[in-house]
Amino acid sequence: MSILDKLCVVSEARNALLPPGVDPFNVVIEEIYSATEASIQGRRVLLAGTNNYLGLTFDPQCIKAAQVSLEKEGTGTTGSRMANGTFAGHRDLEKDLASFYCCSEAIVFSTGFVANLGVISTLAGPGDVIVLDADSHASIYDACRMSGAEMIRFRHNNLEDLEKKLKRLGPKAEKTLIIVEGIYSMLGDCAPLAEIAALKKKYGAWLLVDEAHSMGVLGDHGRGMAEAVGVEDDVDFIVGTFSKSLGSIGGYCVSNHPELALIRYVCRSYVFTASPSPSTIASVRAALQAIQTKPQLRTRLWDNATLLYQGLKELGFELGPDLSPVVAIRVPTREKTLLAWQTLLDRGIYVNLVFPPAAPAGMSLLRCSISAAHTPEQVDFILETFSDIKNLMT
Ligand code: PMP
């Protein structure tokens with residue numbers, strides 16, 4: 001047995017699943033034309049699976065801010081936040097985030113993945129407990145394993161199960177971090193956050209919410225699920241990403257606990273990785289401004305999400321339980337999902353193909369994510385195409 005043998009198992013699984021020459025997990029965007037159009041496999045396609053919720057990747061002000069920074073500050077920081085990788089922009093973005101969330105503390109990380117990894121594994125340690133939703137993102141699972149804390153899963157969005165687990169902990173609840181997401185990435189369903197926050201208070205635990213898919217999407221000011229359901233004061237830590245509504249790359253954590261600032265000295269994924277490029281930071285600052293000054297983006301996003309979700313529902317597709325910008329269609333078998341995915345691409349639409357373990361509960365999904373940048377005509381085109389290929393998917 002060599003260390004490479006486990007990769008043979010991956011190759012066998014891949015070959016059993018995918019016909020030769022088809023690899024939906026290695027799609028190349030050959031050219032990108034806008035937030036909603038690109039070239040894939042030599043044809044112009046409509047992008048309907050990008051997490052670009054507000055369409056800000058091509059926002060002229062974001063691009064301009066990045067260009068100015070690139071000219072002035074160069075291509076990269078070549079260092080970690082703790083060494084030479086904190087430029088004025090990183091510090092200013094942290095101030096912007098703190099002010100946006102009305103929080104005292106904000107920390108910028110290199111990605112949302114390492115924000116979760118670092119924050120969770122620093123906050124919780126041996127002797128502590130993490131109670132997490134079973135459908136949590138891979139970065140949350142990895143963080144929990146890294147932390148050395150006892151890890152207890154509760155059934156997805158199931159308040160009874162969460163309460164049962166908290167009750168069982170007794171006095172240990174005060175050393176317990178509950179972790180949930182605002183909108184779940186694969187099915188687009190929402191956490192019952194008001195009720196979860198009430199349970200957190202009842203049992204004296206701590207609460208961290210990953211708002212990766214809800215920041216910029218929910219709440220009167222776009223702050224996410226905690227704002228939307230009015231429990232921001234009860235959420236101890238919010239983690240998010242720059243790679244979705246903010247149209248860039250990077251991650252962050254905000255909190256009103258002053259101790260968050262101390263994480264900078266001990267959090268390995270902050271200390272031992274290079275910080276985001278200054279131009280990235282500049283575009284994120286401009287995008288954060290856009291979220292605050294252009295509420296019409298959120299209105300357009302929800303109009304499009306409603307059109308797509310209701311339209312697919314009327315066509316008889318099996319969707320996630322909640323209306324949101326993530327619209328996932330359940331397909332009965334992997335073979336049918338794959339065929340439908342390729343057919344959609346051949347007809348000019350890119351969506352995400354999702355199999356377990358990325359998809360929950362053994363499901364095979366065609367996952368769409370809609371954007372404020374889509375036109376109603378583009379949403380109609382998506383609906384018409386799904387209608388045409390429905391027979392392949394049932
Ligand atoms: N949390 C959730 C819920 C996510 O969906 C993602 C990205 N898919 C991340 C964290 C990681 O974010 P990033 O892409 O910035 O690493």
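Residues numbered from 1 in each chain as written. Predicted model: local features only at pLDDT ≥ 70, side-chain atom pairs only at ≥ 80, totals over all residues. Heavy atoms only, no water.

*Asks:* Got a minute to help me understand the domain arrangement of the protein in this structure?
*Replies:* Size of an interface: often given as the accessible area lost when the parts come together. Taken as a whole, the protein is organised into domain 1 (5-58 + 295-392) and domain 2 (77-276). The distance between the C-alpha centroids of domain 1 and domain 2 comes to 27 Å. On the side of domain 2, 20 residues touch domain 1, which itself brings 22 residues to the contact. At the boundary of domain 1 and domain 2, one finds zero salt bridges. (Domains from an automatic or database assignment. Contact = heavy atoms within 4.5 Å. Salt bridge = Lys/Arg side-chain N within 4 Å of Asp/Glu carboxyl O.)

*Asks:* Help me understand the pairing of strand β7 (residues 176-181), please; the structure alone is not making it clear to me.
*Replies:* Counting buried residues in β7 gives six out of six residues, a clear majority hidden from the surface. The alternating pattern of β7 places Thr176, Ile178 and Val180 and Leu177, Ile179 and Glu181 on opposite faces, both of which are buried. Strand direction decides the pairing type here: strand β5 (residues 129-133) and β7, joined by four bridges, are parallel. Note that in β7 the partner of isoleucine 130 across the bridge is leucine 177. Since β7 and strand β8 (residues 206-210) lie parallel, the crossover through helix α7 (residues 193-203) that links them has a hand, and here it is right-handed. (Buried < 20%, exposed > 50% of the residue type's maximum accessible area, 1.4 Å probe, protein only. Helix = DSSP H or I, 4+ residues; strand = E, 2+ residues; numbered from the N terminus. Pairing = 2+ DSSP bridges. Right-handed = clockwise from strand over helix to strand, strands pointing away.)

*Asks:* I would appreciate a short explanation of the site of the ligand in the present structure.
*Replies:* The local shell around the ligand holds 15 residues, among which Gly112, Phe113, Asp210, His213 and Thr241 are the closest. Between the ligand and aspartate 210 there is a distance of 2.6 Å, counted from a nitrogen atom to a side-chain nitrogen or oxygen. Threonine 241 is positioned with one of its side-chain polar atoms (N or O) 2.6 Å from an oxygen atom of the ligand. Looking at which element gives the most residues to the shell around the ligand, the answer is helix α4 (residues 112-123), with three residues. In terms of residue class, the shell around the ligand is made up of two nonpolar, ten polar and three charged. (Near = heavy atom within 4 Å. Polar contact = N/O pair within 3.5 Å; in protein donor to acceptor, adjacent residues only side chain to side chain. Nonpolar A, V, L, I, M, F, W, Y, C, P; charged D, E, K, R; others polar.)

*Asks:* Would you explain helix α11 (residues 278-293) in this entry?
*Replies:* Three or four residues apart is the spacing at which side chains of an α-helix point the same way, because the helix has 3.6 residues per turn. Taking 1.5 Å as the rise per residue, α11 with 16 residues should run 22 Å; its terminal C-alpha atoms sit 23 Å apart, in good agreement. Listing the buried residues of α11 in full gives Pro278, Ser279, Thr280, Ile281, Ala282, Ser283, Val284, Ala286, Ala287, Leu288, Ala290 and Ile291. Contacts made by the buried residues of α11 are with α2 (60-73), α3 (88-101), β4 (105-109) and α12 (295-314). (Expected span 1.5 Å × (residues − 1).)

*Asks:* Can you walk me through a nonpolar patch on the surface in this structure?
*Replies:* Where nonpolar side chains cluster on the molecular surface, the patch consists of Ile3, Leu4, Leu7 and Val10 and spans about 430 Å² of accessible area. Locating leucine 7 in the fold gives a position in helix α1 (residues 5-17). Under the relative-accessibility criterion, leucine 7 is labelled exposed at 52%. (Patch = residues over 30% accessible without salt bridge, like charges linked within 9 Å, V, L, I, M, F, W, Y side chains within 5 Å. Areas by Shrake-Rupley, 256 points an atom, 1.4 Å probe, with all protein chains shown as cover.)

*Asks:* What am I meant to see in the packing of aromatic side chains here?
*Replies:* We describe a pair of aromatic rings using the distance from one ring centre to the other and the angle between the two ring planes. Counted by the stated rule, this structure contains six aromatic pairs. Between the aromatic rings of phenylalanine 25 and phenylalanine 355, the centroid separation amounts to 6.0 Å while the plane-to-plane angle is 70°, which identifies the pairing as edge-to-face. Of the two residues, phenylalanine 25 is situated in the loop between α1 and β1 (29-32) and phenylalanine 355 in the loop between β13 (352-354) and β14 (364-369); the sequence distance between them amounts to 330 residues. Residue classification places phenylalanine 25 among the partly exposed residues on the basis of a relative accessible area of 44%. (Phe/Tyr/Trp six-rings, centres within 6.5 Å; stacked < 30°, edge-to-face > 60°.)

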